[in-house]
Amino acid sequence: MRAVTRERTNSPVEERGCQDTMNSILGVLLTWTIVMTSCDAQCYLTQLEITLGSQPEGCKDAHGVLKQFNTKWKTDDCQSCECTDQGTECCSLVKKPFLYDKNKCQEVFHKENCTYTVVEKENPLKPCEVLGYIG
């Protein structure tokens, strides 16, 4: 007596389940990528202050000055802000160096243009190599 073997094939239901699993994994990876990119942007939202019976006229900046909705401005501490119907959203304009020789080099912040340079501690006229920035 001979044994008959049959090659097993996946049913359409099994194939669909596998495809759903792959789509779920891709969705998680995409979400993680978006979250990590957002974290890198260094942004925050200050929600509108709403009192019962009144409509907000806009957003208040860090100094308490009222800004109209859909207004954008740059702050003294190098942030770009916008007043939206959700509140004030601000994002840092600064790219901060983080991959360089911290023993040999130091950061120098330039407030006038919101940038950093990295120079040697012993010779501040000599720039250092920077391999990465955050912001």
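Taking an unreviewed UniProt entry as the reference, the protein is identified by name as Beta-microseminoprotein belonging to Monodelphis domestica. Quoted verbatim from the Sequence similarities (unreviewed entry) heading of the UniProt record, the comment on the protein is "Belongs to the beta-microseminoprotein family." The record held by UniProt for the protein lists under Subcellular location (unreviewed entry) the comment "Secreted".

Caption draft 1: The packing of aromatic side chains, seen in detail. On inspection of all chains with the given rule, the structure shows one aromatic pair. A centroid spacing of 4.9 Å and a plane angle of 55° characterise the contact between Phe109 and Tyr116, whose relative ring orientation is tilted. Relative accessible area serves as the criterion here: at 36%, Phe109 is assigned to the partly exposed category. Residue classification places Tyr116 among the partly exposed positions, given a relative accessible area of 21%. The ring of Trp73 has Lys67 lying over it, and the distance from NZ or CZ to the ring centre is 5.0 Å.

Caption draft 2: Seen up close, the state of the cysteines. All chains considered together, the criterion is met by five disulfides. Across a sulfur-sulfur distance of 1.9 Å, Cys43 and Cys91 are joined as a disulfide pair. Torsion about the S-S bond of the Cys43 and Cys91 cystine: about 115°, corresponding to right-handed handedness. Of this pair, Cys43 sits in strand E1 (residues 43–47) while Cys91 sits in strand E6 (residues 87–92), placing them 48 residues apart in sequence. Residue pairing for Cys78: its cysteine sulfur links by disulfide to Cys114, the two sulfurs lying 2.1 Å apart. Taking the torsion about the sulfur-sulfur bond, which here is approximately -85°, the covalent link between Cys78 and Cys114 counts as left-handed. Of this pair, Cys78 sits in the loop between strand E4 (72–74) and strand E5 (79–84) while Cys114 sits in the loop between strand E8 (105–110) and strand E9 (115–120), and the two are 36 residues apart along the sequence.

Caption draft 3: Region of interest: the pattern of salt bridges. According to the stated counting rule, one finds three salt bridges in the structure shown. The shortest N-O distance in the salt bridge between Glu120 and Lys126 comes to 3.6 Å. For Glu120, a relative accessible area of 12% corresponds to the buried category. We classify Lys126 as partly exposed; its relative accessible area is 42%. Taken together, the salt bridges that share partners define one network made up of Lys104, Glu120 and Lys126.

Caption draft 4: Looking closely at the sheet that holds E5. Sheet architecture is open: four strands sit in the order E1-E6-E5-E4, paired in antiparallel fashion. Among the strands making up the open sheet, the edge pair consists of E1 and E4. Going from strand to strand, the sheet's axes swing by 20° on average, the running direction of each strand aside. With six bridges connecting them, E5 and E6 associate as antiparallel partners. Bridge pairing in E6 places Thr84 opposite Gly87.

Conventions adopted
- Residues numbered from 1 in each chain as written.
- Predicted model: local features only at pLDDT ≥ 70, side-chain atom pairs only at ≥ 80, totals over all residues.
- Heavy atoms only, no water.
- UniProt positions renumbered as here; feature names shortened; annotations may be inferred.
- Phe/Tyr/Trp six-rings, centres within 6.5 Å; stacked < 30°, edge-to-face > 60°.
- Buried < 20%, exposed > 50% of the residue type's maximum accessible area, 1.4 Å probe, protein only.
- Lys NZ or Arg CZ within 6 Å of the ring centre and 35° of its normal.
- Disulfide = S-S within 2.5 Å.
- Helix = DSSP H or I, 4+ residues; strand = E, 2+ residues; numbered from the N terminus.
- Salt bridge = Lys/Arg side-chain N within 4 Å of Asp/Glu carboxyl O.
- Pairing = 2+ DSSP bridges.
- Axes fitted to C-alpha atoms, helices over the stretch in contact; angles between N-to-C directions.

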